[in-house]
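Structural overview for review
Each chain, written out:
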Amino acid sequence: MVNKVCILPFLLAVFLPVSFLITYAVAVKVGHVYAAFPYISDTGSLPPESCIFGQFVNIYAVIAALFMFVRYSQIREHYRPVEELGGVTPSRRRKLLANKVALVIGLLGDLGASMVGNFQDHAVIEAHVVGAFMAFGLGGIYAWMQSVISYGVTSLNGTTKCCRHIRIVLCSTYTVLFILMITFTTISMRLFKGKGNRNPKMWKPDDPGYDEHLVATITEWLMVVMLSLFFATFYKEFKQVV
């Protein structure tokens, strides 16, 4: 019998970057954004690219939710035989609790991603920003929790020391990028808004705050890459799911 759930990590690793590249290409072609590293949200802010962006992000949210449920069930089932024999130690109970908390946090981050796709920044900026913080912030916390949990289930089939170490490196890099993105977004927007009524979607090198803006947007794109690579590390473990 072919294990079909092992495709989930691969889909998550490929689907979101490809989706964003498609909406980026459309947004640049119709002249809605400046070609040099716009914010991801800006590439899906106006029609027609906003329609594509919203649809892709919603599909991604469904795939991510399936991934999270499978991962939660995998960890839960890993401890089930021990639990049935009455051998669950306080340490293992904490791991099972962490597994449940990680699922809830992951699904909330998933909801945030859906909000980003459905509430464009030019239409409902408050909901869009909240969704972005949920997606990137809670998504990062979920990744950290799964990385830590991985070290507690070393006997799980498919898991390797190399993958566990790679996840820590990816999460650490993601966290640094997240801090840089918030910092330089704040700085660049203050510089930009203080100089006339320019369109931030067409932020060009001669506009104030452009260098800071470029740091913020590049780090945002790199965060998507880090998260995609993180999901890809679960391929071997998902192949073991029956």
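My aim in this report is to walk through the structure given alongside it, one point at a time. Since we're looking at a predicted model, the values are computed, not measured. (Residues numbered from 1 in each chain as written. Predicted model: local features only at pLDDT ≥ 70, side-chain atom pairs only at ≥ 80, totals over all residues. Heavy atoms only, no water.)

Section: the packing of aromatic side chains
- Scanning the entire structure with this criterion turns up eleven aromatic pairs.
- Ring centres 5.8 Å apart and planes at 65° place the aromatic pair Phe230 and Phe231 in the edge-to-face group.
- Overall, Phe231 belongs to the buried group, its relative accessible area being 4%.
- Here the aromatic residues Phe67, Phe230, Phe231, Phe234 and Phe238 are joined through ring pairs into a cluster of three or more.
- Positioned above the aromatic ring of Tyr151, the side-chain terminus of Arg164 is 5.7 Å from the ring centre.
- Stacked on the ring of Phe234, the Lys or Arg Arg167 has its end atom at 3.8 Å from the ring centre. (Phe/Tyr/Trp six-rings, centres within 6.5 Å; stacked < 30°, edge-to-face > 60°. Buried < 20%, exposed > 50% of the residue type's maximum accessible area, 1.4 Å probe, protein only. Lys NZ or Arg CZ within 6 Å of the ring centre and 35° of its normal.)

So, the packing of helix α4 (residues 125-152) against helix α6 (residues 210-232)
- Here α4 crosses α6 at 35°, and the two axes come no closer than 11 Å. The handedness of the crossing between α4 and α6 comes out as left-handed. Contacts from Phe136, Gly139, Tyr142, Ala143, Gln146 and Ser147 of α4 reach α6 at Glu220, Met223, Val224, Leu227, Phe230 and Phe231.
- Class assignment of the residues belonging to the contact of α4 with α6 gives a composition of eight nonpolar, three polar and one charged. (Axes fitted to C-alpha atoms, helices over the stretch in contact; angles between N-to-C directions. Helix = DSSP H or I, 4+ residues; strand = E, 2+ residues; numbered from the N terminus. Left-handed = near helix turned anticlockwise from the far one by under 90°. Contact = heavy atoms within 4.5 Å. Nonpolar A, V, L, I, M, F, W, Y, C, P; charged D, E, K, R; others polar.)

Topic: empty space enclosed by the protein
- Enumeration over the complete set of coordinates arrives at two cavities of 30 Å³ or more.
- Looking at the largest cavity, its volume works out to about 40 Å³.
- Taken together, Tyr34, Ala36, Phe37, Pro38, Tyr39, Asp42, Pro200, Lys201, Trp203 and His213 form the lining of the largest cavity.
- Along the lines of polarity and charge, the residues of the lining of the largest cavity split into seven nonpolar, one polar and two charged.
- The calculated volume of the second largest cavity comes to roughly 30 Å³.
- The wall of the second largest cavity is formed by Ala143, Leu170, Cys171, Tyr174, Met226, Leu227 and Phe230.
- Counting residues per element, the ones that place at least two in the lining of the second largest cavity are α5 (161-193) and α6.
- In terms of residue class, the lining of the second largest cavity is built from seven nonpolar, no polar and no charged. (1 Å grid on protein atoms, 1.4 Å probe; cavity = no way out; pocket = protein on both sides within 12 Å on 5 of 7 lines; lining within 4 Å. Points joined across faces, edges and corners; volume = space filled by probe spheres on them.)

Such coordinate-based values are descriptive only and should not be taken to indicate function.
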